[in-house]
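# Coordinate analysis (summary)
Here's the letter readout for the chains.
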Amino acid sequence: MAMLNFGGTEEKVVTREEFPLEKAREVLKDETIAVIGYGVQGPGQSLNLRDNGFNVIVGQRKGGASWDKAVKDGWVPGETLFPIEEAAERGTIIQYLLSDAAQIEVWPRIKPLLTDGKALYFSHGFGITYNERTKIVAPEGVDVILVAPKGSGTSLRRLFLEGRGLNSSYAIDQDATGRAYERAIALGIGVGSGYLFETDFKREVYSDLTGERGTLMGAIQGIFEAQYDVLRANGHSPSEAFNETVEELTQSLMPLVAENGMDWMYANCSTTAQRGALDWKDKFRDAVKPVFEDLYQSVASGEEAQRSIDSNSQKDYREKLEVELKELSDSEMWQAGRTVRKLRPENA
Ligand SMILES: NC(=O)c1ccc[n+]([C@@H]2O[C@H](COP(=O)([O-])OP(=O)(O)OC[C@H]3O[C@@H](n4cnc5c(N)ncnc54)[C@H](OP(=O)(O)O)[C@@H]3O)[C@@H](O)[C@H]2O)c1
């Protein structure tokens, strides 16, 4: 483990150089890793582990599209693909990668299979942090660990195939065997992480819920909508509004920010853009900071978790969700987006 300096703050991180794949294989050589759930993270993590030479099986309920996808990806029923309980029984490490709502529902069937010495692994701190609401409390004899890739399971797989990796956080909630740390780090390396940074279950879920409601998804869509609507209301065409709001950001600027940072982008744009961005960034920060403070409070109080549990457990949850998603998809901005994407030179 190395202490690295992040802008003046020291943090514990683990890199692939100091904990190479061979070491991870050695740590987990006697383990059977049961990946429970084949939704988004399940495929990414299980396929990367399998390709990295670990002993992996998948647990997935039968009869749905996810089971069929697992078969298509090469998991063999009765050999490496099992119903959930059977996989959990066979595994020494149980990677609990069902949707957060399903984790609550399936827990009473998983808990009795967690015998002493096994490890229970999460990619989100939700179930454990909000255990008064989820009732997910692990038996004392098992390690409870977390590796949370900072991105979608699809990206985790795609980057792995390109020889790259997503950064992940890791946490230990319960160390029953004395091996929780090495198991967590070995799994983090095995699933294809870039570097691993330390957190705890509570911080992981608080930051994750804030991030997805905030700059990663909620806030950014809100800001897109606000700017697009103002441009349209002032007579700009959909093409102009969409290009100035989304297309230029995703196609031109964000790849540069990813490579060099926003500070570099500010230093390398036109003087007109520089002056304007420097003048306006603080106004935007001051306008939205109270919203972020409300959001963090709502996460910390458990209100966001409860809302998610309640809505996910409604019978007509899927149908209601589809209506909301359709509204977003039918909005002029994202219809314009489809047309703009079709017109990109590589698609023309
Ligand atoms: N999405 C991401 O990329 C991402 C990123 C970082 C962390 N995580 C965390 O990783 C974990 C898994 O997330 P995910 O997005 O991969 O989940 P997901 O795609 O929503 O997971 C769906 C899985 O849960 C199963 N499932 C749903 N309801 C079930 C039920 N009632 N009984 C049994 N199985 C059920 C599904 O099987 P069926 O298809 O048969 O319904 C499928 O295998 C979560 O803790 C999440 O917070 C996710």
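Residues numbered from 1 in each chain as written. Predicted model: local features only at pLDDT ≥ 70, side-chain atom pairs only at ≥ 80, totals over all residues. Heavy atoms only, no water.

The protein chain carries the name Ketol-acid reductoisomerase in an unreviewed UniProt entry, which gives Neolewinella xylanilytica as its organism.

The next thing to look at is the domain arrangement of the protein chain. Examined at the domain level, the protein chain breaks down into domain 1 (2-199) and domain 2 (212-347). A separation of 31 Å is found between the C-alpha centroids of domain 1 and domain 2. Contacts between the two partners involve six residues from domain 1 and, on the opposite side, eight residues from domain 2. Carbon and sulfur atoms supply 64% of the area that domain 1 and domain 2 bury against each other, a total of about 580 Å² over both sides. Taken together, the connections running from domain 1 to domain 2 amount to three residue pairs in polar contact (both at pLDDT 80 or more). Elements with a minimum of two residues in the side of domain 1 that touches domain 2: α5 (100-110) and α7 (131-134). Here the side of domain 1 that touches domain 2 is built from residues that sort into four nonpolar, one polar and one charged. (Domains from an automatic or database assignment. Contact = heavy atoms within 4.5 Å. Buried area = accessible area lost by both parts, 1.4 Å probe. Polar contact = N/O pair within 3.5 Å; in protein donor to acceptor, adjacent residues only side chain to side chain. Helix = DSSP H or I, 4+ residues; strand = E, 2+ residues; numbered from the N terminus. Nonpolar A, V, L, I, M, F, W, Y, C, P; charged D, E, K, R; others polar.)

Turning our eyes to something else, we now look at the UniProt feature "binding site: Mg(2+) 1" (unreviewed entry) in the protein chain. Under the UniProt annotation, "binding site: Mg(2+) 1" (unreviewed entry) lies at Asp208 and Glu212. Structurally, the position occupied by Asp208 is in helix α10 (residues 201-213). Look past the residues within four positions of Asp208 in its chain and what remains in contact with it is His124 and Lys150. Locating Glu212 in the fold gives a position in helix α10. The exposure class of Glu212 is partly exposed, given its relative accessible area of 28%. Once residues lying within four places of it in the same chain are set aside, the contact partners of Glu212 are Met217 and Gly218. (UniProt positions renumbered as here; feature names shortened; annotations may be inferred. Buried < 20%, exposed > 50% of the residue type's maximum accessible area, 1.4 Å probe, protein only.)

With that out of the way, let us pick up the pairing of strand β10 (residues 193-198). For strand β2 (residues 9-14) and β10, the ladder comprises two bridges, and the chain directions are antiparallel. The residue of β10 that forms the bridge with Val13 is Phe197. With four bridges joining them, strand β9 (residues 166-174) and β10 adopt parallel strand pairing. Following the sheet pairing, Ser168 is matched in β10 by Leu196. Crossover β9 to β10 through helix α9 (residues 180-190) is right-handed. (Pairing = 2+ DSSP bridges. Right-handed = clockwise from strand over helix to strand, strands pointing away.)

Turning to the UniProt feature "binding site: Mg(2+) 2" (unreviewed entry) in the protein chain, a few remarks are in order. Within the UniProt annotation, "binding site: Mg(2+) 2" (unreviewed entry) is assigned to Asp208, Glu244 and Glu248. In terms of the greatest pairwise C-alpha distance, the residues named above, spread along 41 residues, do not form a single cluster, extending to 28.6 Å across. Residue placement: Glu244 occurs in helix α12 (residues 238-260). The residues touching Glu244, leaving out its near neighbours within four places in the chain, are Gln227 and Leu231.

Scanning the model with the defined rule gives 11 aromatic pairs in all. Ring centres of Phe122 and Phe201 lie 6.1 Å apart, and the angle between their planes is 80°; on these two criteria the pair is classed as edge-to-face. Residue Phe122 is found in strand β7 (residues 119-122), and its partner Phe201 is found in helix α10; the two are separated by 79 residues along the sequence. Ring centres of Tyr170 and Tyr181 lie 6.0 Å apart, and the angle between their planes is 70°; this geometry places the pair in the edge-to-face category. Here Tyr170, found in strand β9, pairs with Tyr181, found in helix α9; they are 11 residues apart in sequence, far enough to count as distant. Given a relative accessible area of 30%, Tyr181 falls into the partly exposed group. Feature note: the residues Tyr96, Trp107, Phe122 and Phe201 constitute an aromatic cluster, connected by ring pairs. One Lys or Arg, Arg50, reaches over the ring of Trp75 and ends 4.4 Å from the middle of that ring. The lysine or arginine in question, Lys283, covers the ring of Trp280, its NZ or CZ lying 4.0 Å from the ring centre. (Phe/Tyr/Trp six-rings, centres within 6.5 Å; stacked < 30°, edge-to-face > 60°. Lys NZ or Arg CZ within 6 Å of the ring centre and 35° of its normal.)

Further remarks concern the site of the ligand. Among the 23 residues in the neighbourhood of the ligand, the closest are listed as Gln41, Gln60, Arg61, Ser66 and Asp100. A distance of 2.8 Å is found between an oxygen atom of the ligand and a backbone nitrogen or oxygen belonging to Tyr38. In this structure, an oxygen atom belonging to the ligand sits 2.4 Å away from a side-chain N or O atom of Ser66. Relative to its unbound accessible area of 900 Å², the ligand is 76% covered by the protein chains. No other element matches the five residues that α5 contributes to the shell around the ligand. (Near = heavy atom within 4 Å. Areas by Shrake-Rupley, 256 points an atom, 1.4 Å probe, with all protein chains shown as cover.)

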